[in-house]
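# Close look at the chain arrangement
Chain by chain, the residues run as shown.
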Amino acid sequence: MHVHMIKETKGIPGVLTDRWLEGHTVKHCALSLVGEPIMYPAINELLGNLHERDISTFLVTNGQHPAAIRSLRPVTQLYVSVDAPTPESLIEIDRPLFSDAWERLQESLACLKEKGQRTVARLTVVKGWNSDEVEGYAKLIALGTCSIIELKGVTFCGKSDASNLNMSNSPWHHEVVAIAKTLRTELDLIPGIPKYDIACEHKHSCSVLLCRVDQFAVDDPVTGHRQWRTWIDYDKFTYLALKNSRDPTFKFGVEDYVADTPDWALSGAAEEGFDPTDRRHRKKKKHPKYTKFDERGVPTHDCHNQALGYEERTELERLMEEKKREILGDNHETMSVVTTIRDGERRLEDPSLMFRGLVVAM
């Protein structure tokens, strides 16, 4: 089926021949978006079969089946979705089937300590719903001290009966970065757990990675330069996983199959997570009208990355102040307002974002 689907893309504008040919060979398998994969009775047999075929495995679970996590064989990367920081918000966001969903999530996260391979706490940031209780996330993550914390902004896919989200609930990349920094600070306050730091970011997917320093970072004792090793040596993992399959007493860990992170993927890189060997395509030749902003959200650079003049910046500041008065009134303690409307939908208004979505045709 996979090869059949790949063959159908031949001739589509933009499809590169070398990538098309490469796609005929399956190298990675994401066990996600097909229900709860960990409930499949033969999941361990499936994982073993994939590894024997030199296919990496990325398994995502919703954290409701801790016993299944414990019995899971080594996975290239194991994710637990952490959608909410409190029992109340978990019910609102996930609408779980189990009455003890919160306790199941906590136990599932605690199980991650027992896994020897890469583990990830995946946090989907939903503005107006779960973005303000970072301390709660830190306490949950401390239960399992996972290898990686992935923060990703929710993607709005249109209205449906199954969701009461709207476009204002999708955060901008800079907002996800800010939450990641706050989460790092909260984690630093918890005694007895490993240190985390921001390693990578990918602006296009609105995602940031906080990684354990002891597992992925190498600091030069002379220069102080930090080298991140968050990439995966897939051949090495396959070798180790197969050895474990033949001899269950053989153990291996995260550090045994790490690889150097390329510079373009590091947090703060000019490429913003885009692989420079790929070409970026923009729809209808639309580009951001402004490329840089100050801490208030006022633009400082135009679409060509040139600094704005004093008069233009002053006018933009005036427009933002006007918008603040319209939305916030005399409330100077917050930068946004969340309004609950029909069917529990929450709409968020934030004056600091008023210039970020503007585009120009180029």
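Below is a summary of the structure that appears in this document. Computed from a predicted model, the values in this text were never measured in an experiment.

## Overview of unusual backbone geometry
Positive phi is not limited to glycine here, since Arg95 has a value of about 50 degrees. Within the element layout of this structure, Arg95 appears in the loop between helix H5 (87–94) and helix H6 (101–111). Unlike most non-glycine residues, Thr145 shows phi in positive territory, near 40 degrees. Note on placement: Thr145 falls in the loop between helix H7 (134–144) and strand E5 (148–153). On the basis of relative accessible area, Thr145 is assigned to the buried category, the value being 13%.

## Considering helix H8 (residues 173–188)
Between its first and last C-alpha, H8 extends 23 Å over 16 residues, near the 22 Å set by a 1.5 Å rise per residue. On the buried face of H8, the contacting elements are strand E4 (118–125), H7, E5, strand E6 (196–202) and strand E7 (207–212).

## As for the sheet that holds strand E1 (residues 28–31)
Pairing is mixed across the open sheet formed by seven strands, whose spatial order is E1-E2-E3-E4-E5-E7-E6. Each edge of the open sheet carries a strand with a single partner, namely E1 and E6. For this sheet, the mean angle separating the axes of adjacent strands, direction not counted, is 20 degrees. Two elements, strand E2 (residues 56–61) and strand E3 (residues 77–81), share four bridges in a ladder whose sense is parallel. Bridging from a neighbouring strand, Phe58 pairs with Gln77 of E3.

## Re the nonpolar core
What tends to happen in soluble globular proteins is that the nonpolar side chains get buried as a cluster. Membership of the largest hydrophobic core comes to 46 residues, with the highest contact counts inside it found for Leu72, Leu123, Ile141, Ile149, Leu151, Leu183 and Leu187. One finds Ile148, Ala217, Ile232 and Phe237 within the second-largest nonpolar core, a separate group that totals 21 residues.

## Examining the pattern of salt bridges
As a working rule, side chains carrying opposite charge can pair if their charged atoms are close by. This model, assessed by the stated rule, comprises 22 salt bridges. As a salt-bridge pair, Arg229 and Asp260 come within 2.6 Å of each other at their nearest N and O atoms. Within this pair, whereas Arg229 is found in the loop between strand E9 (226–228) and strand E10 (231–232), its partner Asp260 is found in the loop between strand E11 (258–259) and strand E12 (286–288), the two being separated by 31 residues in sequence. Put simply, Asp294 and Arg296 hold a salt bridge, and the shortest N to O gap is 2.8 Å. Under the relative-accessibility criterion, Asp294 is labelled buried at 13%. Its relative accessible area of 31% is what places Arg296 among the partly exposed residues.

## Quick look at the packing of H7 against H8
Here H7 crosses H8 at 55 degrees, and the two axes come no closer than 9 Å. When the axis of H7 is compared with that of H8, the two are oblique. Every pair of crossing elements has a handedness; the one defined by H7 and H8 is right-handed. Across the interface between the two elements, Val134, Glu135, Tyr137, Ala138 and Ile141 of H7 pack against Ile179, Thr182, Leu183, Glu186 and Leu187 of H8. Taken together, the residues that form the contact of H7 with H8 break down as seven nonpolar, one polar and two charged.

## Thoughts on H7
It helps to recall that an α-helix has 3.6 residues per turn; residues three or four apart then point in one direction. Most of H7 sits out of view: eight of its 11 residues are buried. Looking only at H7, the buried set comprises Val134, Gly136, Tyr137, Ala138, Leu140, Ile141, Ala142 and Gly144. Residues of H7 that are buried make contact with H6, E4, E5, H8 and E6. Phi turns positive one or two residues past the end of H7, at Thr145, with a value near 40 degrees.

## Concerning the pairing of strand E13 (residues 290–293)
Alignment of E13 against strand E14 (residues 299–302), held across three bridges, turns out to be antiparallel. Looking at the pairing, Lys292 lines up with His301 of E14. What sits between the antiparallel neighbours E13 and E14 is a turn of five residues, in which Gly297 has the positive phi angle 100 degrees.

Rules behind the numbers
Residues numbered from 1 in each chain as written. Predicted model: local features only at pLDDT ≥ 70, side-chain atom pairs only at ≥ 80, totals over all residues. Heavy atoms only, no water. Helix = DSSP H or I, 4+ residues; strand = E, 2+ residues; numbered from the N terminus. Buried < 20%, exposed > 50% of the residue type's maximum accessible area, 1.4 Å probe, protein only. Expected span 1.5 Å × (residues − 1). Contact = heavy atoms within 4.5 Å. Pairing = 2+ DSSP bridges. Axes fitted to C-alpha atoms, helices over the stretch in contact; angles between N-to-C directions. Core = buried A, V, L, I, M, F, W, Y, C linked by side-chain atoms within 4.5 Å. Salt bridge = Lys/Arg side-chain N within 4 Å of Asp/Glu carboxyl O. Parallel < 35°, antiparallel > 145°, perpendicular 65-115°, else oblique. Left-handed = near helix turned anticlockwise from the far one by under 90°. Nonpolar A, V, L, I, M, F, W, Y, C, P; charged D, E, K, R; others polar.

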